[in-house]
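Here is how the chains run, residue by residue.
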Amino acid sequence: MPPCADCARPTRVLILDDEPIVCKRLKPAFQKAGYEVETFTDSSSALARIEQMRFDVVITDLKMEGTDGMHFLARVKEVSPQTGVIVITGFATSETARESLRKGAFDFVAKPFKLGDIIEAVRRFEESLGRD
Amino acid sequence: MRPRSVWELNMVGRLKKFFSPRSSSQPVLPFTVLFKKFRSILERNNLILELMADMGDKLGGEYIFDKQYIMDITEKISDLVFKLISDLCVMTRVEIVDLFVTFERIQFEIQEELAGRRAVPLTKPVLLLEELSGDCREEAGNKFANLGEIRNTLELPTMDGFVVTTRAFFDFMEANGLFEFVEQGLAGLDLSDDSALHALGGEVRKRILTGAMPKHMVLAIHAALGIVCDRNRGRPLFFAVRSSAWGEDSESSFAGQYESVLNVPGKGIVEAWREVVASIYTPEAWRYRLHRGYRESEMAMAVGCQLMVEAEVSGAMYTYAPVAPEQDAMVISAVWGLGVAVVSGIAESDTIFLDRQPPHRVISVEPGRKTTKIIGDQAGGTALVDLPPERQDAVCLGEDSIRRLARAAVMIEKYFRRPQDVEWAFDRAGNLHILQSRPLNVRPDQPERHMPNIDNAALSAQVLFSGQGTVVQGGVASGKVHVALNDDDLNNFPFGAVLVSRYTSPKYSRVMRKACAILTDIGSATGHMATLAREYRVPTVVDTGVATRVLKTGDQITLDAIRNVVYAGTVKELSDFEITHAEVFEETSEYRMLKRVLKKVTPLNLVDPGSEFFRAARCRTYHDITRFVHEKAVESLIDLSEKHQRVHDRGSKRLEFAIPLGLTVIDIGKGMNIPPGVRLPGIEQVRSTPMKALLEGLLESRMWETAPVAVDLGSFMSSFTRTFSSSMARPEDVGRNLAVLSEDYMNLHLRLGYHFNILDAYIGEELNDNYIYFRFLGGVSNIERRSRRAKFIADVMEGFDFRVEIHGDLVVGRLKKLPRQRMVGRMKVLGGLIGYTRQLDVNMTGDEMIDFHLADFMQRIQILKEVSEDAPVCRLRPADPSVDPG
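For the structure given in this document, a descriptive report is provided here. Here the structure is a predicted model, which means the values were calculated and not measured. (Residues numbered from 1 in each chain as written. Chains lettered and ligands numbered in written order. Predicted model: local features only at pLDDT ≥ 70, side-chain atom pairs only at ≥ 80, totals over all residues.)

The next thing to look at is the overall build of chain B. Tallying secondary structure elements over chain B gives 28 helices and 29 strands in all. Residues counted as buried form 48% of the 886 residues belonging to chain B. Counting contacts in chain B only where the partners sit at least 6 residues apart, residues at least 24 apart contribute 66% of the total. (Helix = DSSP H or I, 4+ residues; strand = E, 2+ residues; numbered from the N terminus. Buried ≥ 20, exposed ≤ 12 C-beta atoms within 10 Å, placed from the backbone. Contact = placed C-beta atoms within 7 Å.)

Below, the structure is given as structure tokens:
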């Protein structure tokens, strides 16, 4: 399963979650699946990073200390509208889901989730690009 | 939770009318309230079981969860358990003090776990090695907790001994005011001043070497020594005394930082303990900790004391040869005598490279020139002796020893899912002993460079199937398939193979240490085998539906049980990545926290309601409390109805049956139709649709083969009773069965010996209100047979459209929103099923019996016209999917 069918380089993924365990476990899983991964547990470093580098996919938690994940989502879409944002959250209400989708999130995964589910979500995003 | 429907509200109204006490001589709480509480206990009971299953699933490694999840879900469970007890309080109207006290204790313990307050372990000052496991890190330190796993879970040979715990360390340090001394010393210290740290360390070490030993500690050491010496009469009783500190042998190895004292006689143990503990404060060790940011409060040391091996050959083994990571090799270093020389790298040793894959072919042997060896001195301590010339260049390990060592090392690596640095020894009789094992850090400097390899490798490998079934234990494994269909297949299970089978079964624990992975066609992630697979950390996927069809004995495959993909052949890069890069889920603090919390939630200690230990004060977990409350609620409702009978029974309308079974029937509204003069109501007096269907199902299905078909409820029920006495139930177990009925509703608690059925059903004209909830638990036979019976019950119910969950031997089936006639048909099937299963676990001698009984039951149940006329809905799942084209 090629991570990025029509380009030579692997898909770049940024993961932001203030729970280190989420980053710790997602990073090797995505690496194993052939992605280039950077992880952040604080939103300010992640914000700084997205100004420097274009990521194909951003995975972010919604509720964190400091910056609200919703702001981060908005900023990512401002800097790089093509980036696919997948939101993870422990508070899976339809309200937050609607809001994040309105702000341009591609998909939504509720915690706790299966590793396969989130990789699947990224794959779906990649496929959606292929169809456009 | 199911929303309250109109019928229920109506029912409450009817209840109110019915049970409002006419006589004021006896104060009776309205039955309405009581029954409402009873129903709410049932609902909470089910929710608690579901949440427990949910938490159990998270241990497998397939899910990403954080601490917040653990906090949230434990709070939910705590809340439900508290309300459960409160409901029981209202029902029984007695203050259940014991239950609340127990609850508060468990809740407090869980909160302490969540807050991470475990500083001073509440343990004995000394633990024997057989008492250790991986959960003892706080008490025994990493090194000996790991050794405990190697000894007690993997059952690899280790020398007898005991651990002086960190508790003893804390007691000693506190008794001598040493923590305070260190703290004050550090406060006034310039850390860049080496000589000051040196001086402070020297003073602390002196105080440790001369400080007073707490009496209880000395007594405990002597007691443990006595036990170990008694068990090992006839051999020299010298000990290896080694450090096992917090954090040692974890991410930071602390290798060589702390003292070990070898060949110590029993009477020298206490002094050796002091020496080892004092080594905490050598300038090198102290600096090492300071550099890595360890705080003083994170320093605690357990000390292990193990009998010495009279070693012929000793050494170390790396399961990943660090010199050639792209070569798939392991490396052994070996010397004659004790292995100190290898570990400290002071003398030449033999170097043997061998294949990582079974059968572990030797790749190369480089003999070292071994002029001397270290041995245990008869007077204690060690001595260096010269070796005769003919042994100096001889290789010290033969092929057979190499292979045995390799298997043990691979087993340890597989279990800890990290490359291992194993210290080992062979004694004169050629027996292998594992001395210790620590994780080996072989992560390459530039991991990113290796990434494309994994991707390409996984891409070019053929995917046999993916995303099928449920991951029970994550991990990656590669090996040859061994399909096990019967016990013989297990007897010759090859080391390092992938176990492939139809069903999950706890009997596979026999081969779990040999198996590198497990795949089954059918099974649940919460069964007993799943628990064992997690304990042995064998990558396992159950319920794939296709494993035995797709895979044949001898096929080489690779299972990625993190992403749930099965590849053809060996995907070496994938296995390598998993073992060298991936986070070991079991080492994360979240995993360990969830596991510790679960220990206080899920184990069920109160299994037998007839036992004298079935008491509130005996509850040790939330599961115990839940079970206890449920049992008491049923009892209380029965007691209550008996009381009501005295109040209400004026002749014409009876509220219960007087039948030998003691099935108490509480009619809460048109559930029974008893004409005047009928003392003993039979089945013809039952009006309740679900109850009538169930009883008719029992009779018409003729599943009660050992007893004559009963003609009325009384004699029919007495056949129940005969069955009891023949299936080991005590008389007092009979007679606490309860049915609450109305025209459309039934709530039935039916204990048949140790089988325990709960049925809650509503069958009326409004399709959307209709449901059946069926729960089956227990049995007296062994767990394998009970699991098979559970599987059989689940298969039958699934055949009739129930949504079924199995948790061990607990089966829960739910069915909703079918039209009245179909619901009645299914209720009759359940009647047949209850009849059929009553002696079933005795018959469940093999896995093949599941399919046999399924076919038998499905055929015999056709006698019910509701089933035979409703053929499209009842499907018999084929016994062998390989012959099923669909």
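So, about the sheet that holds strand E7 (residues 311-318) of chain B. The pairing of strands in a sheet happens through backbone hydrogen bonds and is either parallel or antiparallel. Residues and elements named next belong to chain B. As summarised here, the arrangement of the six strands in space is E10-E9-E8-E7-E13-E14, forming an open sheet in which the pairing is antiparallel. Because the sheet does not close on itself, it has two edges, and the strands there are strand E10 (362-366) and strand E14 (432-439). For this sheet, the mean inter-axis angle between neighbouring strands, taken without regard to orientation, is 20 degrees. By the bridge criterion, seven bridges tie strand E13 (residues 420-427) to E14 in an arrangement that is antiparallel. Note that in E14 the partner of tryptophan 424 across the bridge is isoleucine 434. Here helix H14 (residues 399-416) sits on the sheet in contact with E7, strand E8 (329-336), strand E9 (350-355), E10, E13 and E14, set at roughly 145 degrees to E13. (Pairing = 2+ DSSP bridges. Axes fitted to C-alpha atoms, helices over the stretch in contact; angles between N-to-C directions.)

Let's shift gears to the pairing of E7(B). Residue and element names in this part refer to chain B. Where burial is concerned, most of E7 is hidden: seven out of the eight residues are buried. Pairing analysis gives seven bridges linking E7 to E13, with the strands arranged antiparallel. When the sheet's bridge partners are listed, tyrosine 318 is paired in E13 with aspartate 421.

To continue, consider the interface of chain A and chain B. Each partner contributes residues to the interface: chain A has 20 residues there, and chain B has 23 residues. Breaking the side of chain A that touches chain B down by element, the ones donating at least two residues are helix H1 (20-32), strand E6 (113-114) and helix H5 (115-131) of chain A. Element by element, the count of residues in the side of chain A that touches chain B is highest for H1(A), at nine residues. Its residues assigned to classes, the side of chain A that touches chain B shows 10 nonpolar, four polar and six charged. (Nonpolar A, V, L, I, M, F, W, Y, C, P; charged D, E, K, R; others polar.)

Here the focus is the packing of helix H3 (residues 67-92) of chain B against helix H4 (residues 97-114) of chain B. Residue and element names in this part refer to chain B. Two numbers describe how H3 lies on H4: the axes approach to 11 Å, and their chain directions differ by 175 degrees. The pairing of H3 with H4 is recorded here as roughly antiparallel in orientation. Note on element contacts: H4 touches H3 through Leu99, Phe100, Phe103, Gln107, Ile110 and Leu114, opposite Ile70, Met71, Thr74, Ser78, Val81, Phe82 and Ile85. Looking at the contact of H3 with H4 residue by residue, the classes come out as 10 nonpolar, three polar and no charged. (Parallel < 35°, antiparallel > 145°, perpendicular 65-115°, else oblique.)

Let us look at the nonpolar core. Residues and elements named next belong to chain B. In this structure, Val241 and Val498 are the most contacted members of the largest nonpolar core, which totals 260 residues. It is H14 that provides the largest number of residues to this core, a total of 10 residues. Look past the residues within four positions of valine 498 in its chain and what remains in contact with it is Ala477, Gly479, Lys480, Val481, His482, Ala515, Cys516, Ala517, Leu519, Ile557 and Leu559. (Core = buried A, V, L, I, M, F, W, Y, C linked by C-beta atoms within 7 Å.)

With that settled, consider the sheet that holds strand E3 (residues 57-61) of chain A. All names here are of chain A. Pairing is parallel across the open sheet formed by five strands, whose spatial order is E2-E1-E3-E4-E5. The open sheet has two edge strands with one neighbour each: strand E2 (36-40) and strand E5 (107-110). In this sheet, adjacent strand axes meet at a mean angle of 15 degrees when their direction is disregarded. Both strand E1 (residues 12-16) and E2 contribute to a ladder of five bridges, which runs parallel. Bridging from a neighbouring strand, arginine 12 pairs with glutamate 36 of E2. The sheet strands contacting H1 are E1 and E2, and the helix crosses E2 at an angle near 175 degrees.

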